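Descriptive structure summary
Here are the chains, one letter per residue:
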Amino acid sequence: FLYVFAYTPLKSVAPINTAVGAVAGAMPVLMGWSAVEGSFALSGGGLTVATLFLIVYLWQFPHFMAIAWIYRRQYQSAGLRMLTVVDPSGMRAGVQAVVASLALLPVSLLPLLLLAGRSYGVGAMLLGIAYFAASCMFLSRRDDRSARRLLRVSLVYLPALLGLFVLAPLT
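Keep in mind it's a predicted model, so treat the numbers as computed, not measured. (Residues numbered from 1 in each chain as written. Predicted model: local features only at pLDDT ≥ 70, side-chain atom pairs only at ≥ 80, totals over all residues. Heavy atoms only, no water.)

In the Ramachandran plot, Arg142 falls in the positive-phi region, its phi being about 45° despite a non-glycine side chain. Counting through the fold element by element, Arg142 comes out in the loop between helix H8 (118-141) and helix H9 (144-167). (Helix = DSSP H or I, 4+ residues; strand = E, 2+ residues; numbered from the N terminus.)

Printed below as a string of structure tokens:
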């Protein structure tokens, strides 16, 4: 509902569409949680599901800003109001990528309070630093090469971090 009736129509209206789309993109975490728990109640594991939701939500901003930069001309031709279209300098997209990747660093370390061990913390920190560095490079250069590098780092970051989270109780 959120994706179809809010995010998609907002694409042609305002760059806030990305924030709405990121909520829709992180909703599967809540859906999966409620399927396992048998309800949508966050009691008992609220910090865990909130952490996973925030990780997926924040991860999407640098990821999508890289995509939006690479395809900015196509978005503009289609009449979509992505951030890279309304600000062709890419400065706002770069800042958004950096801020989200920086916010992701402490959020990704919250599993240390839940169940994760030292190996998770080290891995999460290294992954977070790499994601932040790629975001900073994109902000400073704002070119296709740095956007593609950020996109590649984003595609490694999320599955690697979630893999560490799954393996955390074992290490």
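Under the criterion given, the structure shown has one salt bridge. Salt-bridge contacts for Arg72 lead to Asp144; the nearest nitrogen and oxygen are separated by 3.1 Å. Residue Arg72 is located in helix H4 (residues 72-77), and its partner Asp144 is located in helix H9; the two are separated by 72 residues in the primary sequence. Relative accessible area serves as the criterion here: at 14%, Arg72 is assigned to the buried category. Residue classification places Asp144 among the partly exposed residues on the basis of a relative accessible area of 31%. (Salt bridge = Lys/Arg side-chain N within 4 Å of Asp/Glu carboxyl O. Buried < 20%, exposed > 50% of the residue type's maximum accessible area, 1.4 Å probe, protein only.)

Attention now moves to a nonpolar patch on the surface. A contiguous nonpolar surface patch, about 530 Å² in accessible area, is contributed by Phe1, Tyr3, Val4 and Phe5. Tracing the backbone shows Phe1 in the segment before helix H1 (2-10). Take Phe1: its relative accessible area is 79%, and that puts it in the exposed class. (Patch = residues over 30% accessible without salt bridge, like charges linked within 9 Å, V, L, I, M, F, W, Y side chains within 5 Å. Areas by Shrake-Rupley, 256 points an atom, 1.4 Å probe, with all protein chains shown as cover.)

Further remarks concern the packing of helix H2 (residues 17-37) against helix H3 (residues 46-70). When two helices pack together, their arrangement is captured by the angle between the axes and the distance separating the axes. The contact between H2 and H3 brings their axes to 8 Å, and the two run at 145°. Pair H2 / H3 crosses with right-handed handedness. Contacts between H2 and H3 involve Thr18, Ala19, Gly21, Ala22, Val23, Gly25, Ala26, Met27, Val29, Leu30 and Trp33 on the former and, on the latter, Thr48, Val49, Leu52, Phe53, Val56, Tyr57, Gln60, Phe61, Phe64 and Met65. The residue makeup of the contact of H2 with H3, split by class, is 16 nonpolar, five polar and no charged. (Axes fitted to C-alpha atoms, helices over the stretch in contact; angles between N-to-C directions. Left-handed = near helix turned anticlockwise from the far one by under 90°. Contact = heavy atoms within 4.5 Å. Nonpolar A, V, L, I, M, F, W, Y, C, P; charged D, E, K, R; others polar.)

To continue, consider the nonpolar core. Among the nonpolar cores identified, the biggest contains 45 residues, and Tyr75, Phe138 and Tyr157 are the most heavily contacted of them. At the level of secondary structure, the elements contributing two or more residues to this core comprise H2, H3, helix H5 (83-86), helix H6 (91-109), H8 and H9. With 16 residues, the top contributor of residues to this core is H3. If we ignore the near neighbours within four places in the chain, the residues touching Tyr157 are Trp59, Leu104, Ser108, Leu127, Gly128 and Tyr131. (Core = buried A, V, L, I, M, F, W, Y, C linked by side-chain atoms within 4.5 Å.)

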